[in-house]
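# A closer look at the structure
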Amino acid sequence: MSVIIQIKNVSKSYWRNSLEIPVLHDLTLNVKEGEFLALMGPSGSGKTTLLNLIAGIDRPSKGELNVAGTDIAKLNESGLAKWRSASVGFVFQFYNLIPVLTAFENVELPLLLTKLSKSERRKHVENVLSIVGLGDRIHHYPKQLSGGQEQRVAIARAIVTDPVILVADEPTGDLDKTSAQEILTLMERLNKEFKKTIVMVTHDPHAAEKATRLLHLEKGDLV
Amino acid sequence: MAVPFKYVLKSFKTRKLTTTITVTGIALVVFVFAAVLMMAYGVQKTLVATGAPDNVMVTRKASNGEISSIIDGDTRNVIRTLPFIAKDSNGKQIISEEPVVVINLEIKKGGMSNVTVRGVSQEVTLLRPQIKIKEGRMFNPSLRELIVGEAISKKFLGAQIGSKVKFAGDYWSIVGIFESNGSGFDSELWGDSDQLLNAFNRGSSVSTLTFKLDNIDNFEKCKRAFETDRRLVQFEPKIEQKFFEEQSEFLATFIRVLGIFITVIFSIGAIIGAMITMYSAVANRTVEIGTMRSLGFSRRSILIAFLTEALFISLIGAVVGLFFASFLQFFTVSTLNFSSFAELSFSFALSPSIVISSFIFAVVMGFVGGFLPSVRAARLNIVSALRGG
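Right, let's walk through the structure included here. None of the values given here were measured: they were computed from a predicted structure.

## Description of the overall build of chain B
Scanning chain B for helices and strands turns up 12 helices and 13 strands. For 389 residues, the compact-globule formula gives about 21 Å, and the C-alpha radius of gyration of chain B, at 29 Å, lies well above that figure. Overall, chain B is about 90 × 50 × 35 Å in size when its C-alpha atoms are taken along their principal axes. When the 389 residues of chain B are sorted by exposure, 53% land in the buried category. By element, 61% of the accessible surface of chain B is carried by carbon and sulfur atoms, the whole surface being about 17300 Å². A gap of 15 Å separates the mean positions of the 41 positive and 31 negative side-chain charges of chain B.

## A look at the interface of chain B and chain A
Contact with chain B, which involves 20 residues of that partner, is made by 22 residues of chain A. Summing the contributions of chain B and of chain A, the shared interface buries around 2000 Å²; its carbon and sulfur component is 67%. The tally of links from chain B across to chain A stands at 3 salt bridges. Its salt-bridge partner being glutamate 105 of chain A, residue lysine 10 of chain B comes within 2.9 Å of it at the nearest N-O pair. Our count for the chain B to chain A interface comes out at 7 residue pairs in polar contact (both at pLDDT 80 or more).

## Considerations on the nonpolar core
The biggest cluster of nonpolar side chains holds 46 residues, and the ones touching the most others in it are Leu109 of chain A together with Ile26, Met292, Ile302, Phe306 and Met365 of chain B. Put simply, the parts of the chain that give this core at least two residues each are helix 1 (5–14), helix 2 (16–50), helix 8 (240–284), helix 9 (286–295), helix 10 (299–326) and helix 11 (352–379) of chain B. In terms of residue count, helix 2 of chain B provides more of this core than any other element does, 9 residues in total. Membership of the second largest hydrophobic core comes to 38 residues, among which are Met40, Tyr95, Val132 and Ala158 of chain A.

## Structural notes on the environment of threonine 125 of chain B
All names here are of chain B. Relative to the elements of secondary structure, threonine 125 occurs in helix 4 (residues 124–127). For threonine 125, a relative accessible area of 41% corresponds to the partly exposed category. C-alpha of threonine 125 to C-alpha of isoleucine 94: the two residues are 31 residues apart in sequence and 9.2 Å apart in space.

Definitions and limits used
- Going along each chain's sequence as written, the residues are numbered from 1 onward.
- Chains and ligands are labelled sequentially in the order written, the chains with letters from A and the ligands with numbers from 1.
- Given that this is a predicted model, residues contribute local features only at a pLDDT of at least 70 and side-chain atom pairs are listed and counted only at 80 or more, while totals for whole chains, interfaces and linings are drawn from all residues.
- Side-chain numbers come from the whole structure's heavy atoms, not from hydrogens or water.
- The way it works is that DSSP assigns letters per residue, a run of H or I at least four long becomes a helix, a run of E at least two long becomes a strand, and they are numbered from the N terminus.
- For the radius of gyration, the atom set is restricted to C-alpha positions; the globular benchmark scales as 2.2 Å times the number of residues to the power 0.38.
- Burial status follows relative accessibility: with a 1.4 Å probe on protein chains alone, a residue under 20% of its type maximum counts as buried, one over 50% as exposed, and anything between as partly exposed.
- Working definition of accessibility: Shrake-Rupley area with a 1.4 Å probe, residue cover restricted to the visible protein chains.
- In this tally Asp and Glu are treated as negative and Lys and Arg as positive; neither His nor the chain ends contributes.
- By convention, the charge on Lys lies at NZ, on Arg at CZ, on Asp at CG and on Glu at CD.
- Residue contacts follow a heavy-atom distance rule, with two residues in contact if any of their heavy atoms lie within 4.5 Å.
- Buried area is calculated as the accessible area (1.4 Å probe) missing from two parts once they are joined, with the contributions of both summed.
- The salt bridge definition used is simple: a Lys or Arg side-chain nitrogen within 4 Å of an Asp or Glu carboxyl oxygen.
- N or O atoms within 3.5 Å of each other form a polar contact, as long as, within protein, one can give a hydrogen and the other can take it, and as long as residues adjacent in sequence are counted only when both atoms are side-chain atoms.
- Throughout, nonpolar core names a set of buried Ala, Val, Leu, Ile, Met, Phe, Trp, Tyr and Cys residues whose side chains join them through atoms within 4.5 Å.

This is how it looks when you write it as structure tokens:
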């Protein structure tokens with residue numbers, strides 16, 4: 001299988017009041033297409049920063065970052081936004097659904113950035129919502145859904161554009177055990193059945209078990 | 001691709017209280033703004049309606065108004081020889097030679113105010129057919145009788161049928177009340193021209209002379225006749241409607257300038273209100289902004305979404321403000337017209353241009369108030385926005 005994420009000598013530092021805070025040090029990592037990678041590590045180890053870099057919502061201070069055939073470190077702001085809309089699906093710990101939009105409208109949101117017609121969008125949205133098992137909840141607002149259901153809507157939103165990679169930041173962090181299990185099963189299915197490459201940050205060893213590969217980060221280094 | 005309007009619309013509904021307060025602030029400013037323009041337009045409309053487009057009013061050159069104009073008897077006779085004056089069915093010229101004076105009357109609510117007394121010729125009803133006797137009868141030209149405009153009879157003491165008004169050393173009986181389709185004549189008292197000249201010892205010198213043109217296209221010829229005849233060069237013919245329109249300019253401009261100055265000061269408050277609302281909208285929705293940016297929406301589309309929201313608030317404010325301002329059309333007020341030094345009664349009047357101006361004013365308030373918060377929303381760093389700021 002080909003390498004879909006290529007990280008070469010990447011470093012990332014943040015600046016706070018002229019004080020440099022290094023987060024990732026000279027990190028090199030390859031992720032193959034179809035892999036389900038779990039990133040674990042203590043708080044502040046740089047897991048989320050690494051995930052943000054892969055997802056193109058943050059930029060490395062140094063190094064090369066090639067994701068899905070694009071050197072994303074070299075893209076400008078709008079190029080990066082376009083790239084994200086086509087290549088990455090996000091799953092957040094707190095679902096990040098837009099509260100004023102229904103499940104259908106939330107899932108439709110990324111499709112508004114494509115050239116699909118209204119009826120095509122409807123077809124896609126209904127399809128992914130049935131994949132995540134929420135075909136009967138399409139007109140519900142987030143507040144009318146349980147945490148697990150909200151996260152399933154978020155996953156539907158993440159996969160509706162058929163992105164190359166899925167990034168998930170603690171997707172089960174805010175869920176009870178049963179809901180967490182459902183989400184992990186769904187992610188496992190997306191990986192196995194739909195061949196999605198997944199990079200997931202988690203604190204939960206049980207969640208990490210579902211991954212095909214597990215990496216530990218500590219103080220900005222892979223261990 | 002822009003952020004869906006549905007999102008803008010629905011988000012706008014979530015903060016009902018702050019949005020309502022902001023809409024109210026903008027609506028109040030739009031109300032005052034529209035009211036001022038409606039007032040100025042009301043003055044203009046009233047005075048424009050006073051004149052007819054085919055009547056020619058002759059005044060002394062450089063006179064600012066009817067009061068400061070004077071036309072002596074000889075000139076009156078010369079003007080009567082002009083060929084452009086329309087005639088009635090009996091072959092009589094349709095012309096009114098009018099002495100105009102200002103007297104003071106007691107206001108019902110207390111105090112005194114100036115009112116215009118106009119002496120008119122017999123043919124005035126043909127010259128100004130909009131004049132209708134509403135109550136009582138027309139004055140008798142051989143008696144010291146007056147008819148009063150509707151607005152005067154409502155506002156002043158002793159200006160009703162059966163009352164007597166004292167001026168020029170004599171008592172004048174009020175015998176009728178007339179209406180003139182909301183024109184400036186509603187704020188006048190009318191009597192016979194010769195009776196007034198006699199009472200004020202003005203000999204044969206009237207203030208103005210107004211005649212109906214036989215053909216509206218002959219005005220240019222008429223004007224040339226005044227420019228070329230040495231006996232008439234000191235006098236100026238004007239289309240009556242234009243004359244009264246010019247009379248309204250000073251008062252209308254004064255109202256407009258003062259009103260707009262005050263409204264602009266008010267609008268600063270409304271802009272700050274809109275700004276606070278939009279800043280709080282951005283602060284409350286930081287995570288949503290971060291999410292949308294991470295989904296691939298550009299900075300520009302976020303900027304447009306928030307600006308649209310601010311503009312939407314201001315447009316609702318404009319609609320509310322204009323809705324309430326439109327009721328002002330049912331109110332009639334009066335004030336001193338600086339050009340005639342006399343009372344002028346008028347109604348607030350709404351026009352399409354006032355509606356458009358009010359909308360533009362509201363949109364400017366929304367844009368100025370919403371711009372900085374929208375820029376802030378668009379410039380948020382995605383990673384920190386996702387963390388909630």
